[in-house]
Amino acid sequence: MESTSDVQLKIDENGWVIQIKGSFDVQEEEEVKELCMSVFNVPKELLAVKPEAYTPQSISIGPYHHWRSELYDMERYKLTAARRFQKRINGLKFESAVVEEFKKHEWRIRSSYHKFLDYKEETLAWLMALDAVFLLECLQFYVRQVDQSSDADVKQLGRVLDLSGTSAAHNSTVRDIMMLENQLPLFLLQKLLELQLGSETKAEERLCTLLRLFCEEFSPFSFKLPDDSKIRTNERGHILEVLYYAIVPVSNNQSPNTPKEEEKEESVPEDKSTVTRAFSLLWNAVSSLNIGPIRFLTNLTQKALSGRAVQVVMKLPLRLLSTLGNIPILSALKGPFALLVNKDANKNDEEEEGKGEGDESSVKIIPPTRDELSIPSVADLYSAGLKFAPTDGDLTSVRFDAKTATLYLPKVKLDNNTEIILRNMVAFEASAAPGAMVFTRYTDFMNGMIDSEADVRLLRQSGIICNHLQSDGEVASLWNSMGKCVRLTKVQYLDNVIEDVNRYYNRKWNVAVVEFVNEHIFGSWQFLSLVAAVILLVLTCLQAFCSVYDCKKWVSKLQD
């Protein structure tokens with residue numbers, strides 16, 4: 001690997017100075033309008049996990065990987081595409097019509113890339129012209145292939161992209177086209193179509209159609225964009241960004257619920273039954289009496305109930321009452337029992353919160369951790385009665401219907417190209433997407449639910465996952481490796497879905513009993529110590545009783 005000093009020695013200092021001076025000649029209006037950085041370097045944290053997922057393997061598009069020797073064989077096919085394009089522009093020369101036009105937009109091209117481009121004006125214009133023509137032909141080839149076109153150019157380009165006679169070259173080219181560091185500004189493709197069609201309106205319409213059909217064909221998610229949908233090149237920088245905002249719409253990338261709905265949901269848990277209010281009033285009235293015996297009994301009761309062992313024992317019937325709350329008698333008992341158990345606990349919590357109010361560290365905002373994304377696996381949810389249903393839509397179609405216990409998830413197609421596309425969308429979101437990282441949150445959501453082949457099999461049988469990989473285990477490994485080393489943000493509507501699913505799962509009586517036994521009984525040495533002490537006390541009392549009275553007589557009488 002070359003050192004930093006070696007790289008610095010290869011920089012053309014005169015060219016660098018000329019480029020910097022030229023940047024000051026740009027008009028202020030053009031600078032504000034055209035500065036639209038959209039092509040970023042992959043974050044190092046992601047690149048370290050799986051570098052081959054972000055590095056082109058067959059063809060370079062744009063300046064980032066242009067000089068890699070292993071990719072240079074494809075340059076001859078770019079020249080072939082440029083000669084074919086020259087025939088379509090009414091006898092104009094490629095250099096005068098395309099290269100010179102791209103030179104006029106040198107500053108806009110450079111500003112589209114996050115990395116400093118150490119290219120001279122002439123070199124950069126030729127490089128972008130050849131890559132843009134080749135990328136345009138690739139889009140037209142894949143779109144016409146969907147339409148089953150018999151165009152001779154399509155067949156010729158098909159042989160170029162599929163040198164081995166199989167689909168391997170096709171998939172490799174698609175993967176390279178969708179990589180973040182291999183993107184090309186879309187306005188260059190529109191300039192080529194304007195030269196070819198002779199109209200800016202027709203060029204924009206044609207480019208929108210190409211992008212729409214290409215994204216629908218190779219998107220991992222099953223969705224259909226409207227035929228009249230407009231994809232403006234001044235709003236979307238490149239193909240990967242178009243696909244990202246088709247899956248994560250800007251207008252809906254937060255919570256689809258209104259604040260009023262959230263306030264209503266938060267106000268539901270409070271119980272206002274008559275029995276609860278009566279019990280609360282009676283308890284407060286007795287507790288307020290300052291009579292010696294009553295004060296002694298209330299204090300003794302509160303201390304006994306606040307004990308850890310007693311709290312553990314009393315939580316089990318409380319959870320059972322919560323689970324069986326639809327029965328009228330049990331629902332009436334739930335409120336007073338919960339008030340009795342939680343009264344002292346809430347008091348202790350308030351005291352702890354009061355102590356932390358003056359501490360500056362308590363005000364710090366802590367980002368969400370992996371633990372906050374915990375959700376049962378698909379198999380566990382299925383065993384608890386939850387159903388899964390597919391949707392034909394983007395990520396905003398994720399929702400949970402508590403009435404039917406159904407979790408709706410968008411259909412996702414998993415093939416040889418999917419992992420590359422998903423990883424580079426995560427990389428783009430981490431680098432450029434404003435606000436919450438919706439797509440990353442979704443991958444963590446899927447990662448949390450998928451732990452094994454059984455989980456993938458259930459989602460596949462439900463129609464959510466369309467698996468074109470070799471096995472369900474490969475799909476599980478794909479999801480479990482997604483989202484690593486990426487900062488986490490909260491996405492309201494996805495967090496609400498996770499919370500609702502967890503609430504449904506925890507309310508199932510069999511799940512509640514098993515979790516309670518595992519956590520508070522078998523996993524608590526304090527409880528086991530309490531049980532052992534009680535048993536020992538009972539046996540001691542029994543022994544003392546039998547030492548005074550003849551237990552054999554009692555046993556014989558019972559047998560008779």
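Here goes a summary of the coordinates provided. (Residues numbered from 1 in each chain as written. Predicted model: local features only at pLDDT ≥ 70, side-chain atom pairs only at ≥ 80, totals over all residues. Heavy atoms only, no water.)

Looking at the overall build of the chain
Then, number 1: Scanning the chain from N- to C-terminus turns up 27 helices and 5 strands.
Then, number 2: Expressed as a percentage of the 560 residues in the chain, the buried residues total 42%. (Helix = DSSP H or I, 4+ residues; strand = E, 2+ residues; numbered from the N terminus. Buried < 20%, exposed > 50% of the residue type's maximum accessible area, 1.4 Å probe, protein only.)

Some words on the side chain of Glu-429
Then, number 1: With respect to the helices and strands, Glu-429 occurs in helix α20 (residues 418-431).
Then, number 2: A polar contact of 2.6 Å, which involves the side chain of Glu-429, links it to the side chain of Thr-440.
Then, number 3: The contact partners of Glu-429, leaving out residues within four places of it in the chain, are Tyr-244, Ala-436, Met-437, Val-438, Phe-439 and Thr-440. (Polar contact = N/O pair within 3.5 Å; in protein donor to acceptor, adjacent residues only side chain to side chain. Contact = heavy atoms within 4.5 Å.)

Let's talk about the sheet that holds strand β3 (residues 406-410)
Then, number 1: With respect to topology, 3 strands assemble into an open sheet ordered β1-β3-β2, the strand pairing being mixed. Sheet topology places β1 (387-391) and β2 (399-401) at the edges, where each strand pairs with a single neighbour. Taking the axes of each pair of neighbouring strands and ignoring which way they run, one obtains an average angle of 25° across the sheet.
Then, number 2: Note that β1 and β3 share 5 bridges and pair parallel. What sits directly across from Ala-389, in β3, is Tyr-408.
Then, number 3: Those strands touched by helix α21 (residues 438-449) are β1 and β3, and its axis lies near 130° from that of β3. (Pairing = 2+ DSSP bridges. Axes fitted to C-alpha atoms, helices over the stretch in contact; angles between N-to-C directions.)

Comments concerning the environment of Tyr-119
Then, number 1: Along the chain, Tyr-119 turns up in the loop between α7 (106-111) and α8 (121-146).
Then, number 2: Separated by 56 residues in the primary sequence, Tyr-119 and Pro-63 have C-alpha atoms spaced 8.7 Å apart.
Then, number 3: At 3.1 Å, the side chain of Tyr-119 and the side chain of Trp-67 are in polar contact.

Re the pattern of salt bridges
Then, number 1: Across all of its chains, the model carries 16 salt bridges by this definition.
Then, number 2: The salt bridge partner of Asp-495 is Arg-441, with a shortest N-O separation of 2.6 Å. With Asp-495 in helix α24 (residues 492-507) and Arg-441 in helix α21, this residue pair connects regions lying 54 residues apart in the sequence. Take Asp-495 and Arg-441: they sit in the same class, and that class is buried.
Then, number 3: For Arg-503, the salt bridge goes to Glu-499, with nearest N and O atoms at 2.9 Å. Residue Arg-503 and its partner Glu-499 are both found in helix α24; the two are separated by 4 residues, about one turn of the helix.
Then, number 4: Looking at Arg-503, the relative accessible area reads 32%, which means it is partly exposed. (Salt bridge = Lys/Arg side-chain N within 4 Å of Asp/Glu carboxyl O.)

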